[in-house]
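Report on the structure
Listed here are the chains, written in short residue letters.
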Amino acid sequence: MSSDNGHKSYQMDSGARMNDSHKHKDKHRDKEHKHKEHKKDKEREKSKHSNSDHRDPSEKKHKDRDREREKEKEKEREREKVKHKDDSLERHRDKEKRREEKMKAHGADGKHKREKENGFASPPHIKSETDDNGYYHSPKHEKSVKRQYEDESEYKPKKVKVENEKKAKKRKHEDYYEEEEEEEDVKPKKKTKDKKLETAPGKKKVKKEPEEKWKWWEEERATDGSKWKFLEHKGPVFAPPYEPLPGHVRFYYDGKPFKLSNGAEEVATFFAKMLDHEYTTKDAFRKNFFKDWKKEMTSEEKAKLTDLNKCDFSEMNDYFKAQSEARKQMSKEEKQKIKEENERILEEYGFCVMDNHRERIGNFRIEPPGLFRGRGNHPKMGMLKRRIRPEDIIINCSKDSERPKPPAGTRWKEVRHDNKVTWLASWTENIQGSIKYIMLNPSSRIKGEKDWQKYETARRLKSCVDRIRNQYREDWKSKEMRIRQRAVALYFIDKLALRAGNEKEEGETADTVGCCSLRVEHIKLYPELDKQDYVVEFDFLGKDSIRYYNKIPVEKRVFKNLQLFMENKQPEDDLFDRLNTSILNKHLQELMDGLTAKVFRTYNASITLQQQLKQLTCSDDNLPAKILSYNRANRAVAILCNHQRAPPKTFEKTMQNLQTKIDEKKKQLSSAKKELKSAKADAKTLHDDKSRKAVETKKKAVQRIEEQLMKLEVQATDREENKQIALGTSKLNYLDPRISVAWCKKYDIPVEKIYNKTQREKFAWAIDMADEDFEF
DNA sequence: ACCCACACTTAGTAGTAGAACT
DNA sequence: AGTTCTACTACTAAGTGTGGGT
């Protein structure tokens, strides 16, 4: 069962481990005591044994896809180049930046301008802290910080919103209209407009995106913990009901056709659709599937169908393939029709009205039933994910809104009005028992504010990261084991951008770890390796069962501490047995308001981007070269954060095609050059205008071709370097978009080159507010 | 101190719409 | 005009972190 995520060894280990897993915890406890008592002695001793290899040396044969192997190398190389440099640089610069940053925060960034633009001289009073500066604090604590802002003098009256709320009901969709015209001046006009709109008959729903987007970032944020005041929506879209198979498509049991009841047939089709996937051959998958399938069978079926291996779904599988083929072959008109229908649904269900604005919903369709496929070696793979009915759904909306109607003949599980949360609907999923939500799109105010806030927190970390680093270095020497562990873990989180590593329930999910949950088996210590001292080799499966493999030299103290932590432990014991994420986060909270482990990832990612951009961009480069630099900077971050992807299936081919094009271009270039030469010769002999002109033309042609060639080559490089690195995740979640926007502005690069449409929508706030001087 | 429920962010990928190519 | 290629988007799993209860 493992092949997908590679790592046989891991899986076996974990399997073996599972049985006595709980014991470990107890063991740990015992150990902890010991550790405490002996720690001093140990410190002395520890230096002796460095790597206590309890592990089977073969362990690291990862059968991972080559991706990983290649990746490792690449990663190592890159890391060396990028990361380490960064580290040192970073630290120096941080100090300076810290100062600068403060200043900046106070007004250099354009936010202020904006605010002014909308023309509100605001009443200085109230919450001065409201962020004019566009700076958010988490409601709880950040006030002090943010408060530094000078311009409390202007901000907008928030009441506007409030007052509009009532109208909102009526108006609902009209809100966006107004925005088109008015955009910046928010409030006053609204009223007038509203009126107009109201009188206007009927549907104004024209599908638009408001040309003028609402600039929520110029408005004040609620401070009372409420996420909205008004919320109205149409409820989710349910999965289409099951359509029984046509009579000629049969299921066979033990070689003979077998007519399945409707319920059993539906579940069978889920399996049939996946036949091509390797995981349908895995034991766990088959076992889980069969067990759940039986639950849907009638008693006769249950009695007869006793062996999954005798089940033949191939005819069903063929049928579905044919269907999808047919779908592809549909005529234009048919496709058009479907498209229109989808748009209609989107218009109707894809938006909600939240506080006077029509906002896009992220996922308004309920997840259809099917077979669960977790990532990596998931113990629950193959289980039936059941169909969600209206009776399972909790609706959240405001009291004064028109509540969504459940489909005819059904009812919601509950309708509540909780404005302390952002979701519109939720249900409990049956595989893990977790709650799923329907929430807004990233372009929405509610997501955007949070995102912005996240980066502000990371920027605050920037200003105290030196202090924190000094502190954890000190803590490496602590007398207390728990403090040392905390300090070493934090060092990893900071230096390597590891995730926090919450504990997980064993047997419920794939066996993956983060920093705090690392086990002894996940690291190896080398007092010396490849000429470097104190090297730690990490090898573990992280989120999504993506392998993290890295060898890095660490400081001697860290190394010694690790030896200490590993003493007397089994491979499957926790490395940091006296630490967990809540202890760590509690500590971080004391170091800085709002600081948690994940902030380090955000901070290190963003600061790395900023540095790399500075370092790699040449103002003389042409556009493609600059973009290559950007992508490289982005790549440095993706490598740091270990964002991988499976190499695209067509990768080789694509590269080949590109190469062909390059070769052609080269030929073209040389012949163009030849022509130029002869044209020059002609011009020399002839001395006439015509030949001179010809020379000019040829010259231009050569230039053009050179440029094209260059562009192709850059593209090829970029692609090659990106083979198994995913840039999207960091771009979307870790890199302060203002850094990118500032870079674009500085080098006069259209943002479209960096962000596609969706991304521009998500980062509208940053695009609007960052100027070229923005400094993270 | 721990546990659990909950809310929300972060993650990779399958499938497809539409661009690019022939 | 059909085919191929690619960039997106939709989807949903898998994390993080908080807070309340015991």
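The name given to chain A in an unreviewed UniProt entry is DNA topoisomerase I, with Coilia grayii as the source organism. Entered under Catalytic activity (unreviewed entry) in the UniProt record, the comment concerning chain A runs "ATP-independent breakage of single-stranded DNA, followed by passage and rejoining."

Let us now look at the nonpolar core. Leu-461, Phe-492, Leu-498, Phe-538, Leu-562 and Phe-576 are the most contacted members of the largest nonpolar core, which has 81 residues in total. Examining the composition of this core, we find that nine residues originate from one element, helix H15 (residues 481-496), more than from any other. Core analysis: the next-biggest nonpolar cluster, separate from the first, contains 30 residues, Phe-270, Met-274, Cys-311 and Tyr-319 among them.

Next up on the list: the pattern of salt bridges. Scanning the entire structure with this criterion turns up 44 salt bridges. Taking the shortest distance from any N to any O, the salt bridge between Glu-721 and Arg-632 comes out at 2.7 Å. Here Arg-632 lies in helix H19 (residues 623-640) and Glu-721 lies in helix H21 (residues 689-721), a separation of 89 residues in the sequence. A residue is classified by how much of its surface remains accessible, and Arg-632, at 34% relative accessible area, is partly exposed. Here the salt bridges share partners, and the residues they tie into one network are Lys-234, Glu-341, Arg-344 and Glu-348.

Attention shifts here to unusual backbone geometry. For Ala-497, which is not glycine, the phi dihedral falls at a positive 55°. You can see Ala-497 is positioned in the loop between H15 and strand S13 (523-529). Even without glycine at this site, Asn-568 takes up a positive phi of about 60°. Tracing the backbone shows Asn-568 in the loop between helix H16 (556-566) and helix H17 (581-591).

With that settled, the discussion passes to the packing of aromatic side chains. The full count for this structure, using the stated rule, is 31 aromatic pairs. For the ring pair Phe-251 and Trp-293, a centre distance of 5.8 Å and an interplane angle of 85° mean the geometry is edge-to-face. A residue pair is termed long-range when its members are at least 10 positions apart, and Phe-251 in strand S2 (residues 251-253) and Trp-293 in helix H10 (residues 283-296) qualify at 42 residues. The exposure class of Phe-251 is buried, given its relative accessible area of 3%. Between Phe-540 and Tyr-548 the ring centres are 5.1 Å apart and the planes differ by 20°, which places this aromatic pair in the stacked class. No difference in accessibility class separates Phe-540 from Tyr-548, as the two residues are buried. Taking the ring centre of Phe-320 as reference, the NZ or CZ of Lys-273 above it sits at 4.7 Å.

Summing up the model confidence of chain A, the mean pLDDT is 77 and the portion of residues at 70 or higher is 73%. Within the model, the stretch residues 1-209 combines pLDDT values under 50 with 411 contacts to residues more than four positions away or in other chains.

The three strands are arranged S13-S14-S15 in an open sheet whose pairing can be described as antiparallel. The open sheet has two free edges, formed respectively by S13 and strand S15 (547-553), since each of these has just one partner strand. Put simply, the sheet's adjacent strands are angled 15° from each other on average, direction ignored. For S13 and strand S14 (residues 532-541), the ladder comprises six bridges, and the chain directions are antiparallel. For Ile-523, the partnering residue across the bridge sits in S14 and is Phe-538. Packing against the sheet, H15 makes contact with S14 and S15, and its axis sits at approximately 100° to S15. Sheet strands in contact with H16 are S13 and S14, and its direction is about 135° off that of S13.

With that settled, consider the UniProt feature "domain: DNA topoisomerase I eukaryotic-type" (unreviewed entry) in chain A. The sites that UniProt annotates as "domain: DNA topoisomerase I eukaryotic-type" (unreviewed entry) are residues 371-748. Along residues 371-748 one finds 51% helix and 11% strand; the C-alpha atoms at either end are 49 Å apart.

Around DNA strand C sit 32 residues in total, of which Arg-375, Lys-436, Gly-501, Lys-598 and Thr-758 are the nearest. The sugar-phosphate portion of DNA strand C accounts for 89% of its atoms within 4 Å of the protein, the bases making up the rest. Separating a phosphate oxygen of DNA strand C from a side-chain N or O atom of His-378 is a distance of 3.3 Å. In the environment of DNA strand C, a phosphate oxygen lies 3.2 Å from a nitrogen or oxygen atom belonging to the backbone of Asp-544. Among the elements of the structure, helix H18 (597-616) and helix H20 (651-686) are those that each provide at least two residues to the surface near DNA strand C. Of all the elements, H20 adds the most residues to the surface near DNA strand C, at three residues.

Attention now moves to the protein's contact with DNA strand B. For DNA strand B, the set of nearby residues contains 30 residues, the closest of which are Tyr-437, Lys-447, Lys-543, Arg-601 and Tyr-734. Expressed as a percentage, the sugar and phosphate content of the atoms of DNA strand B within 4 Å of the protein is 88%. The separation between a phosphate oxygen of DNA strand B and a polar side-chain atom of Arg-601 is 2.7 Å. Interatomic distance of 2.9 Å between a side-chain N/O atom of Tyr-734 and a phosphate oxygen of DNA strand B. At the level of secondary structure, the elements contributing two or more residues to the surface near DNA strand B comprise strand S12 (435-438), helix H14 (445-475), H18 and helix H22 (728-733). Counting residues per element, the surface near DNA strand B draws most heavily on H14, which supplies three residues. Class assignment of the residues belonging to the surface near DNA strand B gives a composition of eight nonpolar, six polar and 16 charged.

It is worth spelling out the pairing of S15 at this point. With five of seven residues buried, S15 lies mostly within the body of the structure. In this sheet, S15 lies alongside S14 in antiparallel orientation, the contact comprising seven bridges. Residue pairing in the sheet places Val-536 in a bridge with Ile-552 of S15. Here S14 folds back onto S15, and the loop between the two strands holds five residues, one of which, Asp-544, carries a positive phi near 65°.

Cut-offs applied
- Residues numbered from 1 in each chain as written.
- Chains lettered and ligands numbered in written order.
- Predicted model: local features only at pLDDT ≥ 70, side-chain atom pairs only at ≥ 80, totals over all residues.
- Heavy atoms only, no water.
- UniProt positions renumbered as here; feature names shortened; annotations may be inferred.
- Core = buried A, V, L, I, M, F, W, Y, C linked by side-chain atoms within 4.5 Å.
- Buried < 20%, exposed > 50% of the residue type's maximum accessible area, 1.4 Å probe, protein only.
- Helix = DSSP H or I, 4+ residues; strand = E, 2+ residues; numbered from the N terminus.
- Salt bridge = Lys/Arg side-chain N within 4 Å of Asp/Glu carboxyl O.
- Phe/Tyr/Trp six-rings, centres within 6.5 Å; stacked < 30°, edge-to-face > 60°.
- Lys NZ or Arg CZ within 6 Å of the ring centre and 35° of its normal.
- pLDDT = per-residue confidence, 0-100.
- Contact = heavy atoms within 4.5 Å.
- Pairing = 2+ DSSP bridges.
- Axes fitted to C-alpha atoms, helices over the stretch in contact; angles between N-to-C directions.
- Near = heavy atom within 4 Å.
- Polar contact = N/O pair within 3.5 Å; in protein donor to acceptor, adjacent residues only side chain to side chain.
- Nonpolar A, V, L, I, M, F, W, Y, C, P; charged D, E, K, R; others polar.

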